[in-house]
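Breakdown of the fold
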Amino acid sequence: MSSITVCARFRPLTSKEKLNGDADSVCIRCIDSETFVFKDDKDEELTFSFDRVFYEESKQDDVYQFLALPIVRDSVNAINGTIITYGQTGAGKTYSMEGPGILECDEQKKGLLPRVVKGLFDSLSPSDEELTFSIKLSMVEIYMEKIRDLFDLSKDNIQIKESKSRGIILHGVTEITVLDPAEALQSLSRGIANRAVGETQMNLASSRSHCVYIFTIQQEFSREKRMRSGKLILVDLAGSEKVEKTGAEGRVLEEAKTINKSLSALGNVINSLTCGLQGKTSHIPYRDSKLTRMLQDALGGTARTALLCCCSPSASNVSESLSTLRFGARAKHIKSSPRVHCIEEKSNTGSTASSPPGDEFSSRIM
Ligand code: ADP
Ligand code: MG
C-alpha cells in the first residue's frame, strides 16, 4: 500500500496583492521543505506537514521532479498515474500545470504538462530494438456534469463506461497519436485553444470547469505475446472557492453549485476512503459525479496519484487557503495499491489495443 503524494504550493504575491499591502500579512511561515505554520483569520497558528512544500521561490522543475517524474516513470511501466492540481481560482493551478503558456519557450517557466511530455518520450526512447511504443492523447473538459471533447467540440456529452480489461473509458473520445514531443505540444495547444473557443461560445470562465489531459502509453515487445498499456491523467480542477464569495446569481450560481457538487463529491470520496481505513467499511460514492467516476482508479485504486494543493500566500485568502490545505491533509490518508494495470493480448494486427473477446462494457453507464 502506498499513500497519495500530497504537496502544497504557495505562489508569489501578485502585483495587486503587493499593492494592497498583503506582503505585510503573509499567512505562512516556512519551517522546512515539508512543514510550515499557517496563521488563520483568528491569528491561530496551525502546523501542516506534506510530502513537500513549494514556497514562492520554488521552480517549476522542482515541482516536476518531486511530484510528477516518479509517476511518469511508472506510467511507462504500465502503472497508471494521476496528477491533480487543487485550489481556489488564482492560486496557481494552471500555472503549475501548463506554465504561462503550453508552447512557452522559457525553459524555467514550463509547467508540468510540457515536462511530462518530454519525460514520457525520454523514458520510452527505445534502446531495445524489439520495443515499439505509441502515445495517444485525449483532452476533455467537465462542465456542469457534462464531458466535452476538446479535440472535437461536437462531442459535447461523452459517456463514461467501464471495461473489464481497460477500466474506466471515455466512450468515443478523440485519441490523437502523437509521434514526438513537438506534436504532443501542438495537440495540447489546440485543445487549450478549443477550450477557450467553447468557453466564449458558452460565456463561461475556465476556472469553472475541470480540464483533464489523458496520455495512453502502449508498448509492444516483439518477443512477447502481450502488450503493456499505462495511462497518465493530469487534472486541472475548477476553482474550489465557496459560492458566496463570488456573489454569484442565476445561472452562474447554478454552475457554481454543480462545480462545487463535483468537488464536494471528490471530498466525500476522500472522506469515505479514509473512514474505511479506520476500520469502518463504507460505500465509496465514486458515482456521485463525473469527476469522481473518472478518477475512480486514481483515488484508492491501482493508480499512483499526486495532489498539488495550490494556495495564495496572502492573508486576504486565508479561509480558502485553509480549506485547500485541509483537503490536502485529508487526502494524505488515502492508501492505494499501485500495480501494473493493463496487460492485453496483442491483437492479430499486432498494433493498437483492441478489446479482448469477452471484454464487454459494463451495462451501467453514468
Ligand atoms: P488558477 O489556475 O489556480 O486559477 P493561475 O495558475 O491562473 O491560477 O494563476 C493566477 C496568476 O498567478 C497568474 O497570473 C499566474 O501567472 C500567477 N502565478 C501562479 N503561480 C505562480 C508561480 N508559481 N510563479 C509565478 N506566477 C504564478
Ligand atoms: Mg486555471
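This one's a predicted model, so the numbers in the text were calculated from it and none came from an experiment. (Residues numbered from 1 in each chain as written. Chains lettered and ligands numbered in written order. Predicted model: local features only at pLDDT ≥ 70, side-chain atom pairs only at ≥ 80, totals over all residues. Heavy atoms only, no water.)

1. What to know about the site of ligand 1
Definition in use: Residues are classed as near a molecule or strand on a simple rule: at least one heavy atom within 4 Å of it. Here a polar contact is taken to be a pair of N or O atoms separated by no more than 3.5 Å, where protein atoms must pair a possible hydrogen donor with a possible acceptor and residues adjacent in sequence count only if both atoms sit in side chains. Grid points spaced at 1 Å and placed over the protein atoms alone form the basis of the search, with a cavity being a set where a 1.4 Å probe fits but cannot get out and a pocket an open set showing protein on both sides within 12 Å along at least five of seven lines. Lining residues have an atom within 4 Å of a point. The way we define it, a molecule is inside a pocket or cavity when more than half of its atoms are within 2 Å of that pocket's grid points. To qualify as a helix, a DSSP run of H or I must reach at least 4 residues; to qualify as a strand, a run of E must reach at least 2; elements of each kind are numbered from the N terminus. Under the grouping applied here, Gly and all other residues not named as nonpolar or charged are polar, the nonpolar ones being Ala, Val, Leu, Ile, Met, Phe, Trp, Tyr, Cys and Pro and the charged ones Asp, Glu, Lys and Arg.
Surveying the vicinity of ligand 1 reveals the residues Arg-9, Arg-11, Pro-12, Gln-88, Thr-89, Gly-90, Ala-91, Gly-92, Lys-93, Thr-94 and Tyr-95. Within the backbone of Gly-90, an N or O atom sits 2.6 Å from an oxygen atom of ligand 1. Here an oxygen atom of ligand 1 sits 2.8 Å away from a polar atom, N or O, in the side chain of Lys-93. If you map ligand 1 onto the pockets, it falls in the second largest pocket. When residues in the shell around ligand 1 are grouped by element, the largest group, three residues, is from helix α3 (residues 93-98). Classifying every residue of the shell around ligand 1 by side-chain character gives three nonpolar, five polar and three charged.

2. Observations regarding the confidence of the model for the chain
Rules: Values of pLDDT, the confidence the predictor places in each residue, fall between 0 and 100. We call two residues contacting when some pair of their heavy atoms lies within 4.5 Å.
A residue-level look at the chain finds 87% of positions with pLDDT of 70 or above and a mean pLDDT of 85. In this model residues 348-366 is a low-confidence stretch, pLDDT under 50, and it forms 40 contacts with partners more than four residues away in sequence or in other chains. Reported confidence for the predicted complex is 0.99 by ipTM and 0.90 by pTM.

3. Points about the pairing of strand β14 (residues 226-236)
Just so we agree on the cut-off: Burial here depends on accessible area, computed with a 1.4 Å probe over protein chains only, as a share of the maximum for the residue type. Under 20% is buried, over 50% is exposed, and the range in between is partly exposed. Two strands pair under a simple rule: DSSP has to find at least two bridges between them.
Among the eleven residues that make up β14, eight are buried, leaving the element largely enclosed by the rest of the structure. In this sheet, β14 lies alongside strand β7 (residues 81-86) in parallel orientation, the contact comprising five bridges. Bridge pairing links Ile-83 to Leu-234 in β14. Pairing between strand β13 (residues 210-221) and β14: ten bridges, direction antiparallel. Bridging across to β14, Tyr-213 finds its partner in Leu-234. In this antiparallel pair of consecutive strands, β13 and β14, the connection spans four residues.

4. Focus: unusual backbone geometry
The phi dihedral of Met-144 falls on the positive side, at around 50 degrees, and the residue is not glycine. Met-144 gets classed as partly exposed once you look at its relative accessible area, which sits at 34%. For Glu-145, which is not glycine, the phi torsion reads 65 degrees and is therefore positive. Here Glu-145 lies in the loop between β8 (131-143) and β9 (146-149).

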